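# Structure assessment
These are the residues of each chain, in order.
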Amino acid sequence: MRKRLFPALLAAALLLTACETGSDPGPGHRDDPRPSREAGPRAETRRDGAELLHRPGGRASAQNPAFSPDGTSLLFTVFHGGYNAGAAALRTLPLGDARRRTPRTLLDESDRAAVNLPGTSWNPSAGVTFASDRAGHDEVWVLRPGGRPQRVTEHDGDTGYLEPSFSPDGQWIVFQESVEREDGSGGDGSIWKVRRDGSRRTRLIDGPGTRTDNRQPNWSPKGDQLVFQRRLRGSDEWGLYVMDADGGRIRPLIRGEGEHTDPSWSPDERSVVFSSTAGGLELPQIFVIPVTGGRPVRVTRHDTAYDGAPSWSPDGKWIAFESHPGGEDRPSALWRVAAPRG
């Protein structure tokens, strides 16, 4: 069910999306000069019904789609040097008239990476949250409607603060602290939350202390739960877990029988969408599972492509995701597919 926006929140969301509707985009907003292919009357489609939304040109890779609060646009990251490679910019893509479906740039800084998380990284009152090394160190930032980037976190050490996600009221941000071990055997990622003004930083999961690697936390629509991916130290097997928003009552959602990553919520909080190799797949595809657990339902069926980083539309009708051919890290395009009913 689409979430109703109160008038003040809707006005704020419209300010952020003004760059897509023909009004003055404000500082730092501009058209994407790169060629692209977009969905429309003659859209490229796959046999599983997925529709192409945007494919950047050259080596650029479009990743991490996240719907705007009103569902009319997508926020995404474009890596200029290929999949997860090089500097990265934040862009938005309007989903209305296909003839006007031209990406617009929110933030693009030379030799810096600004990266959003699929799921709840765009809030109607608070703007967008993202991770960036624009101050020389990976920190959490917010970009408010019509404004400029504001730094949320500031910390010392060699860890990175990444993958931020907003609480529904926009007052809190949950994120991962990335800790890569020197022996190259993986990481010990922790999960934190912080108020949008940078105060009351609280660790919810201690990765090194629990010998676990925890990543990509996404806040639920009602604000009472978080979903994230986890693996044990020394393991390459990712599973999905749900916990209370205060860090209590951690319980597994799905683990084993494949790699399960990139979780985010359905708008009614009854299901989680994710990327998985469940069932012995060679390449990840998009799946949906009830938040109470059970058998996952496969959504995309394109065995020769990687499908990942999914986000559910606010009206519950669509799932946007990134995809590229084969198992190698090739530049990705943005697609959408009809969400399963029920």
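First, a word on scope: everything that follows refers to the structure included in this document. Being a predicted model, the structure only gives us computed values, none of them experimental.

The next thing to look at is the side chain of Arg298. With respect to the helices and strands, Arg298 occurs in strand 24 (residues 297–298). Of the polar contacts made by the side chain of Arg298, one reaches the side chain of Gln285; its length is 3.4 Å.

Before going further, it helps to spend a moment on the pattern of salt bridges. Using the criterion set out here, one finds 16 salt bridges in the structure. Between Arg231 and Asp236 there is a salt bridge whose closest N-O contact spans 3.9 Å. Overall, the relative accessible area of 58% leaves Asp236 in the exposed class. Two residues, Arg251 and Asp244, come together in a salt bridge whose shortest N-O distance is 3.2 Å. On the accessibility criterion, Asp244 (19% relative accessible area) is buried.

Judged by pairing direction, the sheet is antiparallel, and its four strands sit side by side in the order 17-18-19-20 without closing on themselves. Edge positions in the sheet fall to strand 17 (212–219) and strand 20 (251–254), since each has one partner strand and no second. Between one strand axis and the next, the sheet turns by 35 degrees as a mean value, whatever way the strands run. In this structure, strand 19 (residues 239–244) lies alongside strand 20, joined through three bridges in antiparallel fashion. From the neighbouring strand, Leu240 faces strand 20, where its bridge partner is Ile254.

Here four strands make up an open sheet; going across it, the order is 13-14-15-16 and the pairing antiparallel. A strand with exactly one partner marks an edge of an open sheet, and here the two such strands are strand 13 (160–166) and strand 16 (202–205). Direction aside, the axes of adjacent strands within the sheet are offset by 30 degrees on average. Taken together, the three bridges between strand 15 (residues 190–195) and strand 16 define a ladder with antiparallel strand orientation. Each residue of the ladder has a partner; that of Lys193, found in strand 16, is Thr202.

In terms of residue burial, strand 19 counts as a mostly covered element, since six of its six residues are buried. Residues Gly239, Tyr241 and Met243 line one face of strand 19 and the alternating positions Leu240, Val242 and Asp244 line the opposite face, and both faces are buried. Two strands pair when backbone bridges link them, and strand 18 (residues 225–232) and strand 19 are joined in this way by six bridges, in the antiparallel orientation. Paired with Leu226 across the strands is Met243, a residue of strand 19. Counted between consecutive antiparallel strands, the loop separating strand 18 from strand 19 contains six residues, among which Gly234 sits at a positive phi close to 85 degrees. Counting the residues in the hairpin turn of strand 19 and strand 20 gives six residues, including Gly247, whose phi is positive at 95 degrees.

Applying the stated criterion across every chain, the model contains four aromatic pairs. Pairing Phe228 with Tyr241 gives two aromatic rings, centres 6.0 Å apart and planes at 25 degrees, and the pair type is stacked. With Phe228 in strand 18 and Tyr241 in strand 19, this pair connects stretches of sequence that are 13 residues apart. Take Phe228: its relative accessible area is 0%, and that puts it in the buried class. Above the ring of Trp141, the side-chain terminus of Arg134 is found at 4.6 Å from the ring centroid. Just above the ring of Trp192 sits the side chain of Arg201; from NZ or CZ to the centre is 5.4 Å.

Here the focus is the environment of Gly146. Secondary-structure assignment places Gly146 in the loop between strand 11 (139–143) and strand 12 (149–151). Overall, the relative accessible area of 63% leaves Gly146 in the exposed class. A C-alpha to C-alpha distance of 9.9 Å links Gly146 and Leu106, two positions 40 residues apart in sequence.

Reading guide: rules and limits
- Residues numbered from 1 in each chain as written.
- Predicted model: local features only at pLDDT ≥ 70, side-chain atom pairs only at ≥ 80, totals over all residues.
- Heavy atoms only, no water.
- Helix = DSSP H or I, 4+ residues; strand = E, 2+ residues; numbered from the N terminus.
- Polar contact = N/O pair within 3.5 Å; in protein donor to acceptor, adjacent residues only side chain to side chain.
- Salt bridge = Lys/Arg side-chain N within 4 Å of Asp/Glu carboxyl O.
- Buried < 20%, exposed > 50% of the residue type's maximum accessible area, 1.4 Å probe, protein only.
- Pairing = 2+ DSSP bridges.
- Axes fitted to C-alpha atoms, helices over the stretch in contact; angles between N-to-C directions.
- Phe/Tyr/Trp six-rings, centres within 6.5 Å; stacked < 30°, edge-to-face > 60°.
- Lys NZ or Arg CZ within 6 Å of the ring centre and 35° of its normal.

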